[in-house]
Amino acid sequence: MKLDARASHIVVGPGALGRTLAHALADRCAVTLLARRPFPTRQTLITPEGESITRVLPVLRPEELAGRDAPAFCHLTTKAFVAERAAAALLGTVPGTPLVLWQNGFGVQPRLTARWPGPVLCASTTEGAYVIDDATAVHAGRGESVIGHLHGRYTGLARTLAATLQNAGLKAAAVDDIATRLWHKLAVNAAINPLAALYEVPNGALAEPRFDAELAAVVEEIAPILAANGIAPPSGQGASGWRQRVMQVIQATANNRASMLQDIDAGRPTERKAILAPLIERAEHHHLPCATLCSLHARLAAKEAR
Ligand SMILES: NC(=O)C1=CN([C@@H]2O[C@H](COP(=O)(O)OP(=O)(O)OC[C@H]3O[C@@H](n4cnc5c(N)ncnc54)[C@H](OP(=O)(O)O)[C@@H]3O)[C@@H](O)[C@H]2O)C=CC1
Ligand SMILES: CC(C)(CO)C(=O)C(=O)O
């Protein structure tokens, strides 16, 4: 599929990441925010450089898409636990449109790839963003995004989208191993996010000796589960390779409050199911130990319920 520079993009779920994408794309593409409730069209983004940019972005409700030209891409930028519900709401209006899944974890990706009637691309991103209110979002840190289809299809579409994002000022590349990339991010998220959220500490605190034992226990469970799934650490080998990777991310994001901690702070549900459940499911499938992961999952559920 060849797309012109003004290809239209629908961003479903106008939260932190969705608005960051929408603002970046808006100067070159036709972008519409799809919101499930009334939402302001006058939108401000604070850039990583501290600049405040206000744009007017069209906002529609899902049902208002009916009868309009099909967009080139529908970016699904909700949290993982509502992504399938949000996609289902689009089925009646844009069923064949390429869907781009921006969720962390590895839950919604295989399920929507199997079920959505059009192409499904998955994106894994290290962009950092948060919301101040309905009209203001902060693009806190620049990262990079990799995009691909779980089974290596639609490579041209992935390249087109990566080029579009790159032209919009976001670092992006099409890759042929997106499943591996998603598992890599999931592994790091599974090691850092639950502990940061449970102990309510910034990521950097996890390097302190008081967290050594718990961090080691998580990494020692994750390494064989991923190995049984054919996923090696990005560098090094086994548990020591994963420990190295996790420590690198802890150092690089030392001042961050992990996304699960931000969710706990705000009284929102965390993405524990998207991040921990796929590891637990794979562990059970391969008869591997996962008591630490199960305990983190249960402790997070209890903390969310408080
Ligand atoms: N923020 C970041 O820096 C990064 C986020 N990600 C991933 O991106 C995804 C989104 O994260 P983030 O932007 O932080 O999340 P936010 O909570 O900021 O945004 C989620 C958005 O989805 C909307 N939404 C909820 N339910 C529905 C629905 N049924 N239909 C349509 N929209 C809905 C919410 O609207 P409402 O306000 O009405 O609830 C909100 O606007 C997550 O999976 C996260 O892991 C990945 C890397 C970085
Ligand atoms: C890598 C990490 C843990 C950085 O904060 C993250 O992706 C998150 O907070 O979800």
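Rules used in this analysis
- Residues numbered from 1 in each chain as written.
- Chains lettered and ligands numbered in written order.
- Predicted model: local features only at pLDDT ≥ 70, side-chain atom pairs only at ≥ 80, totals over all residues.
- Heavy atoms only, no water.
- Helix = DSSP H or I, 4+ residues; strand = E, 2+ residues; numbered from the N terminus.
- Rg over C-alpha atoms; globule rule 2.2 N^0.38 Å.
- Buried < 20%, exposed > 50% of the residue type's maximum accessible area, 1.4 Å probe, protein only.
- Contact = heavy atoms within 4.5 Å.
- Areas by Shrake-Rupley, 256 points an atom, 1.4 Å probe, with all protein chains shown as cover.
- UniProt positions renumbered as here; feature names shortened; annotations may be inferred.
- Near = heavy atom within 4 Å.
- Polar contact = N/O pair within 3.5 Å; in protein donor to acceptor, adjacent residues only side chain to side chain.
- Nonpolar A, V, L, I, M, F, W, Y, C, P; charged D, E, K, R; others polar.
- Core = buried A, V, L, I, M, F, W, Y, C linked by side-chain atoms within 4.5 Å.
- Pairing = 2+ DSSP bridges.
- Axes fitted to C-alpha atoms, helices over the stretch in contact; angles between N-to-C directions.
- Phe/Tyr/Trp six-rings, centres within 6.5 Å; stacked < 30°, edge-to-face > 60°.
- Domains from an automatic or database assignment.
- Buried area = accessible area lost by both parts, 1.4 Å probe.
- Salt bridge = Lys/Arg side-chain N within 4 Å of Asp/Glu carboxyl O.

**Let's talk about the overall build of the chain**
Phase 1 of the analysis: Of regular secondary structure, the chain possesses 10 helices and 12 strands.
Phase 2 of the analysis: Taken over C-alpha atoms, the radius of gyration comes to 19 Å for the chain, in line with the 19 Å a tight globule of 306 residues would show.
Phase 3 of the analysis: Projecting the C-alpha coordinates of the chain onto the three principal axes gives extents of approximately 55 × 40 × 35 Å.
Phase 4 of the analysis: Counting the 306 residues in the chain, one finds 50% classified as buried.
Phase 5 of the analysis: Contacts spanning at least 24 positions in sequence make up 65% of the contacts within the chain whose residues lie at least 6 apart.
Phase 6 of the analysis: By element, 52% of the accessible surface of the chain is carried by carbon and sulfur atoms, the whole surface being about 13,700 Å².

**Some words on the UniProt feature "domain: Ketopantoate reductase C-terminal" (unreviewed entry) in the chain**
Phase 1 of the analysis: According to UniProt, the feature "domain: Ketopantoate reductase C-terminal" (unreviewed entry) maps to residues 177–304 in the numbering used here.
Phase 2 of the analysis: Counting secondary structure, residues 177–304 comes out at 70% helix and 0% strand; the distance between its end C-alpha atoms is 34 Å.

**Thoughts on the site of ligand 1**
Phase 1 of the analysis: Near ligand 1 you find 22 residues, and of these L17, R36, R37, A129 and E271 are the closest.
Phase 2 of the analysis: One of the backbone N or O atoms of G15 is found 3.1 Å from an oxygen atom in ligand 1.
Phase 3 of the analysis: One of the backbone nitrogen or oxygen atoms of A16 is found 2.9 Å away from an oxygen atom of ligand 1.
Phase 4 of the analysis: Look at ligand 1: alone it shows 900 Å² of surface, and the protein chains cover 83% of it.

**Let's talk about the UniProt feature "domain: Ketopantoate reductase N-terminal" (unreviewed entry) in the chain**
Phase 1 of the analysis: Sites flagged by UniProt as "domain: Ketopantoate reductase N-terminal" (unreviewed entry) map to residues 11–150.
Phase 2 of the analysis: The span residues 11–150 is 20% helical and 35% strand by assignment, and the distance between its end C-alpha atoms comes to 21 Å.

**Quick word on the side chain of Q109**
Phase 1 of the analysis: With respect to the element layout, Q109 can be found in helix α3 (residues 108–115).
Phase 2 of the analysis: In terms of polar contacts, Q109 uses its side chain to reach the backbone carbonyl oxygen of Q103, at 3.0 Å.
Phase 3 of the analysis: Reaching out from Q109, the side chain makes a polar contact with the backbone nitrogen of G107 at a distance of 3.1 Å.

**Re the site of ligand 2**
Phase 1 of the analysis: Every residue near ligand 2 is listed here: K185, N189, I192, N193, N203, V249, N256, A258 and S259.
Phase 2 of the analysis: Taking N193, its side chain carries an N or O atom lying 3.1 Å from an oxygen atom of ligand 2.
Phase 3 of the analysis: For ligand 2, an oxygen atom lies 2.5 Å from a polar atom in the side chain of S259.
Phase 4 of the analysis: Tallying contributions element by element places helix α5 (residues 178–199) first for the shell around ligand 2, with 4 residues.
Phase 5 of the analysis: Split by residue class, the shell around ligand 2 holds 3 nonpolar, 5 polar and 1 charged.

**Some words on the nonpolar core**
Phase 1 of the analysis: Judged by nonpolar contacts, the single largest core of 65 residues is most densely connected at L90, L99, L279 and L293.
Phase 2 of the analysis: Counting residues per element, this core draws most heavily on α5, at 13 residues.
Phase 3 of the analysis: Not counting the four nearest positions on each side in its chain, L90 is found in contact with V12, L34, L65, C74, P95, L99 and W116.
Phase 4 of the analysis: Listed in part, the 29 residues of the second largest apolar core include L21, L33, L57 and A162.

**So, the sheet that holds strand β6 (residues 73–76)**
Strand pairs in the sheet, formed through backbone hydrogen bonds, run parallel or antiparallel to each other.
Phase 1 of the analysis: Ordered in space as β5-β2-β1-β6-β7-β8-β11-β12, the 8 strands form an open sheet in which the pairing is mixed. Two strands bound the open sheet, and with one partner strand each, they are β5 (59–60) and β12 (171–174).
Phase 2 of the analysis: Here 4 bridges tie strand β1 (residues 8–12) to β6, and the two strands are oriented parallel to one another. In the strand pairing of β6, H9 is matched with F73.
Phase 3 of the analysis: Contacting β8 (120–125) and β11 (144–148), α5 runs over the sheet at an angle of about 40° to β8.

**Here's the deal with the environment of A305**
Phase 1 of the analysis: Assignment of secondary structure puts A305 in helix α10 (residues 291–305).
Phase 2 of the analysis: Separated by 111 residues in sequence, A305 and P194 have C-alpha atoms that sit 15 Å apart.

**Quick look at the packing of aromatic side chains**
Phase 1 of the analysis: For the structure on display, the rule yields 2 aromatic pairs.
Phase 2 of the analysis: On the numbers, 5.2 Å between centres and 65° between planes, the contact of Y199 with F211 is edge-to-face. Placement of Y199 in helix α5 and of F211 in the loop between α5 and α6 (212–228) is noted, with a sequence separation of 12 residues between them.

**With respect to the domain arrangement of the chain**
Phase 1 of the analysis: Partitioning the chain into domains gives domain 1 (8–176) and domain 2 (179–305).
Phase 2 of the analysis: Taken over C-alpha atoms, the centre of domain 1 sits 25 Å from the centre of domain 2.
Phase 3 of the analysis: With 18 residues of domain 1 at the contact, the number on the domain 2 side is 15 residues.
Phase 4 of the analysis: Of the roughly 1,400 Å² buried at the junction of domain 1 and domain 2 (both faces included), carbon and sulfur atoms supply 63%.
Phase 5 of the analysis: Where domain 1 touches domain 2, the interface holds 1 salt bridge.
Phase 6 of the analysis: Taking the shortest distance from any N to any O, the salt bridge between D263 and K79 comes out at 3.2 Å.
Phase 7 of the analysis: Elements that contribute at least two residues to the side of domain 1 that touches domain 2 include exactly α2 (80–88) and β8.
Phase 8 of the analysis: Top element by residues in the side of domain 1 that touches domain 2 is β8. It accounts for 4 residues.

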